[in-house]
Amino acid sequence: MLLQNKTALITGAARGIGKQIALCFAKEGCNIAFTDLVIDDVARATETELTALGIICRAYASDASDYDAAHAVVKQVQADFGRIDILVNNAGITRDSLLLRMTEQQWDAVLTVNLKSAFNFIHSVAPIMLRQRAGSIISMSSVVGLNGNAGQANYAASKAGIIALTKSTAKELGSRGVRANAIAPGYILTDMTAALPEAVREEFVKMIPLHRGGTPQEVANVALFLASDLSSYVSGEVIQVNGAMA
Ligand code: NAD
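From a predicted model like this one, the values you see are computed outputs, not experimental measurements. (Residues numbered from 1 in each chain as written. Predicted model: local features only at pLDDT ≥ 70, side-chain atom pairs only at ≥ 80, totals over all residues. Heavy atoms only, no water.)

Among the six residues in strand S2 (residues 31-36), six count as buried, and that is most of the element. Neither face of S2 is left uncovered, since the one carrying Asn31, Ala33 and Thr35 and the one carrying Ile32, Phe34 and Asp36 both have all their residues buried. With four bridges connecting them, strand S1 (residues 7-10) and S2 associate as parallel partners. Bridge pairing links Ala8 to Ile32 in S2. Where the polypeptide runs from S1 across helix H1 (residues 16-26) and back to S2, its parallel neighbour, the crossover connection is right-handed. Across five bridges, the pairing between S2 and strand S3 (residues 57-61) is parallel. Its bridge partner lying in S3, Ala33 is registered against Arg58. (Buried < 20%, exposed > 50% of the residue type's maximum accessible area, 1.4 Å probe, protein only. Helix = DSSP H or I, 4+ residues; strand = E, 2+ residues; numbered from the N terminus. Pairing = 2+ DSSP bridges. Right-handed = clockwise from strand over helix to strand, strands pointing away.)

In terms of nonpolar packing, the biggest core is built from 34 residues, with Ile10, Phe25, Ile32 and Phe34 touching the most fellow members. Only S1, H1, S2, helix H2 (41-51), S3, strand S4 (86-89), strand S5 (135-140) and helix H9 (216-227) provide two or more residues apiece to this core. Not counting residues within four places of it along the chain, the set of residues in contact with Phe25 comprises Leu3, Ala8, Ile10, Cys30, Ile32, Ile86, Val88, Ile138, Ala223, Leu224 and Ala227. The next biggest cluster of nonpolar side chains, apart from the first, holds 31 residues, and it includes Leu9, Val77, Ala126 and Ile137. (Core = buried A, V, L, I, M, F, W, Y, C linked by side-chain atoms within 4.5 Å. Contact = heavy atoms within 4.5 Å.)

Let's shift gears to H1. The element H1 is largely enclosed, with a buried count of nine among its 11 residues. Turning to H1, its buried residues are Ile17, Gly18, Gln20, Ile21, Ala22, Leu23, Cys24, Phe25 and Ala26. Tucked inside the fold, the buried residues of H1 contact S1, S2, H2, S4, S5 and H9.

Around the ligand, the surrounding shell holds 27 residues, and the nearest of these are Arg15, Asp36, Asn90, Tyr155 and Thr190. Within the contact set of the ligand, an oxygen atom lies 3.3 Å away from a backbone nitrogen or oxygen of Gly186. One of the side-chain N or O atoms of Thr190 is found 2.5 Å from an oxygen atom in the ligand. Its free accessible area being 830 Å², the ligand has 93% of it covered by the protein chains. Mapped by element, the contributors of at least two residues to the shell around the ligand are H1, helix H6 (153-173) and helix H7 (191-194). The element best represented in the shell around the ligand is H7, accounting for three residues. Classifying every residue of the shell around the ligand gives 12 nonpolar, 10 polar and five charged. (Near = heavy atom within 4 Å. Polar contact = N/O pair within 3.5 Å; in protein donor to acceptor, adjacent residues only side chain to side chain. Areas by Shrake-Rupley, 256 points an atom, 1.4 Å probe, with all protein chains shown as cover. Nonpolar A, V, L, I, M, F, W, Y, C, P; charged D, E, K, R; others polar.)

This is the structure in structure tokens:
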């Protein structure tokens, strides 16, 4: 049990990679607080699945990109669980378009949800972790945050921002035992990538030396390493999970 009696707060975890991270942590004894935009049947089913693993789990409806809402939900989680040991900044969206056709709305939406959300949660959770003199912050970047991608200037910029935010956080909070790391997944099989045209998905698989998309579990395994004491001297790092795609 790598995370016995710890509490993790995971944003956007009703489905996809966030849900798998929650399941992976819960199997290691971790209590789970997760957010999503709405707590609908899908989110309730995730909550039930997590609770069945014998841990405490609560789902919170909260827009991660809203500064006040993020601070309010962190306050509520701290009141409900008494501590927050692990923060996973997972909530994310795409609004793909070639640069010259990209609207201001597409740019703002992606930067706000993907990058500002991570700031909101780090800003509100950090005082709790600093008081505890321990904590692990994990933020979801992307292979395109390192390499760029045609048609995803907004998404790539937001994910590059996550890396700079992570490295700065690691430098600011390290002296009090708080670590911060990013995961940069490649092509992972979730609802987000299922929305891509089939031709684009086939092209991805051709570009990947391991010749397949990754699974949410394969990302969750790396998150578990970063959340636990197995990575006690790893901070300010970006771990790529991409089948050698880069
Ligand atoms: P997904 O679309 O399957 O799930 C994302 C979840 O975030 C959804 O439940 C959604 O409702 C929630 N969400 C969106 N906006 C939110 C907001 N403002 N507040 C709270 N919740 C919000 O996506 P996924 O594939 O599981 O991706 C998870 C993370 O991993 C994202 O940050 C994504 O950018 C990143 N990522 C995914 C891939 C991939 O190939 N799937 C690759 C690299 C990085």
